[in-house]
Amino acid sequence: MNIRTKALAVHLLTATGAVFAMLAMLAAVNGKWDMMFVWLVIAFFVDGVDGPLARKYDVKSNAPMFDGVLLDLIIDYLTYVFIPAYALFASGLLAGWTGWFAIIIITFASAMYFADTRMKTKDNSFQGFPGRWNMVLIVIFSTTPNPRVFLGFVSLLSVLIYSPLKFVHPLMLLCLKRLLHGRIHHPLLLPYF
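As the structure is a prediction and not an experimental result, all values here were calculated from the model.

Bringing the packing of aromatic side chains into the picture now. Following the criterion strictly, the structure yields 9 aromatic pairs and no others. Centre to centre, the rings of Tyr 77 and Phe 114 are 5.6 Å apart; their planes meet at 85 degrees, and the pair counts as edge-to-face. Of the two residues, Tyr 77 is situated in helix 4 (residues 68-91) and Phe 114 in helix 5 (residues 97-114); the sequence distance between them amounts to 37 residues. An identical accessibility class is assigned to Tyr 77 and Phe 114; each is buried. Ring centres of Phe 89 and Trp 100 lie 4.8 Å apart, and the angle between their planes is 65 degrees; this geometry places the pair in the edge-to-face category. You can see Phe 89 sitting in helix 4 and its partner Trp 100 sitting in helix 5, a full 11 residues away along the chain. Note on Phe 89: relative accessible area 30%, which makes it partly exposed.

Axis angle and axis distance: for two packed helices, these are the angle between their axes and the distance between the axes, and together they describe the pair. In contact at an axis separation of 12 Å, helix 6 (residues 133-143) and helix 7 (residues 147-160) are set at 165 degrees when each is read in the N-to-C sense. Compared by their axis directions, helix 6 and helix 7 come out roughly antiparallel. Regarding helix 6 and helix 7, the two cross each other, and that crossing is right-handed. Contact residues: Trp 133, Val 136 and Ile 140 in helix 6; Phe 150, Phe 153, Val 154, Leu 157 and Ser 158 in helix 7. Looking at the contact of helix 6 with helix 7, its residues break down into 7 nonpolar, 1 polar and no charged.

Attention now goes to empty space enclosed by the protein. Enumeration according to the criterion identifies 2 cavities of 30 Å³ or more in this entry. Each pocket or cavity is described by its volume, and for the largest cavity that value is around 40 Å³. For the largest cavity, the full set of lining residues is Pro 84, Ala 85, Leu 88, Ile 106, Trp 133, Val 136, Leu 137 and Phe 150. Looking at the lining of the largest cavity, the elements that each hand over two or more residues are helix 4 and helix 6. The class makeup of the residues in the lining of the largest cavity is 8 nonpolar, no polar and no charged. Approximately 40 Å³ is the volume attributed to the second largest cavity. Along its surface, the second largest cavity is lined by Thr 14, Gly 17, Ala 43, Val 46, Asp 47, Asp 50, Asp 72, Ile 75 and Asp 76. Contributing elements (two or more residues each) for the lining of the second largest cavity: helix 1 (3-29), helix 2 (33-56) and helix 4. The greatest single-element share of the lining of the second largest cavity, amounting to 4 residues, is contributed by helix 2.

Parameters and conventions
- Once a new chain begins, its residue numbering starts again from 1 and follows that chain's sequence as written.
- A pLDDT threshold of at least 70 governs which residues receive local features in this predicted model, and a stricter bar of 80 or more applies before side-chain atom pairs are shown or counted, although totals over entire chains, interfaces and linings include all residues.
- In computing side-chain properties, one takes all heavy atoms of the structure into account and sets aside hydrogens as well as water.
- Only centres within 6.5 Å qualify two rings of Phe, Tyr or Trp (six-membered ring in Trp) as a pair; their planes then separate them into stacked at under 30 degrees, edge-to-face at over 60, and tilted for everything else.
- The helix count covers DSSP runs of H or I at least four residues long, the strand count covers runs of E at least two residues long, and both are numbered beginning at the N terminus.
- Relative accessibility decides the category of a residue: with a 1.4 Å probe and only protein chains considered, values under 20% of the type maximum give buried, values over 50% give exposed, and everything between is partly exposed.
- Convention adopted: a line fitted to C-alpha atoms gives each axis, helices being fitted over their contacting stretch, and angles between N-to-C directions are expressed from 0 to 180 degrees.
- Reported orientations rely on four angle classes, namely roughly parallel under 35 degrees, roughly antiparallel over 145, roughly perpendicular from 65 to 115, and oblique for the rest.
- Two helices that cross are described as forming a left-handed crossing if the nearer one is turned anticlockwise from the farther one by less than a right angle, and a right-handed crossing if clockwise.
- The contact criterion used is simple: two residues touch if any of their non-hydrogen atoms lie within 4.5 Å.
- Three classes are used: nonpolar for Ala, Val, Leu, Ile, Met, Phe, Trp, Tyr, Cys and Pro, charged for Asp, Glu, Lys and Arg, and polar for all others, with Gly counted as polar.
- Detection works on a 1 Å grid of protein atoms alone, calling trapped sets that fit a 1.4 Å probe cavities and calling open sets with protein on both sides within 12 Å along at least five of seven lines pockets, with lining residues defined by an atom within 4 Å of a point.
- Grid points are joined across faces, edges and corners, and a volume is the space filled by probe spheres set on the points.

As far as function goes, none of this settles anything; it's purely spatial.
Here is the structure:
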């Protein structure tokens, strides 16, 4: 396979995230929360590997007909924000006005964050809370906290979206731990460290 074909294949890999997002949404609409999480985790894995592959095969130069950054952001918004917000609301974990408030603040604040050109730093970290509501949702579903506590937590994270704090992609934290312990020697991951 030549470099252009490999670069195009990276775009196609990224686009599979849209399929996994649709499968997660269908599961959520049917109240099959376990399957929703399965599809979201698969989409999360794809999101963790497509970026390093895109850099390795220089998709901007070798497959410029598709905007990989835009494609990634669209899929990330669906899998990290939109579907988790829907699941939070549809599950009834936050009933009444608290549910409405949560989905409005989550989707609005995250939409502005995803459009912010400063969201990614030069070292591939995120500036502010990166809108990873899918991970927050896992915690909420597994602990079912008091609705007022959770609403406060949602509000806090929505403010932290615009904070100067840096967040590293969770898959990169795992890879860093393994790299530091000498268990990873893969050139795809080295640009992160």
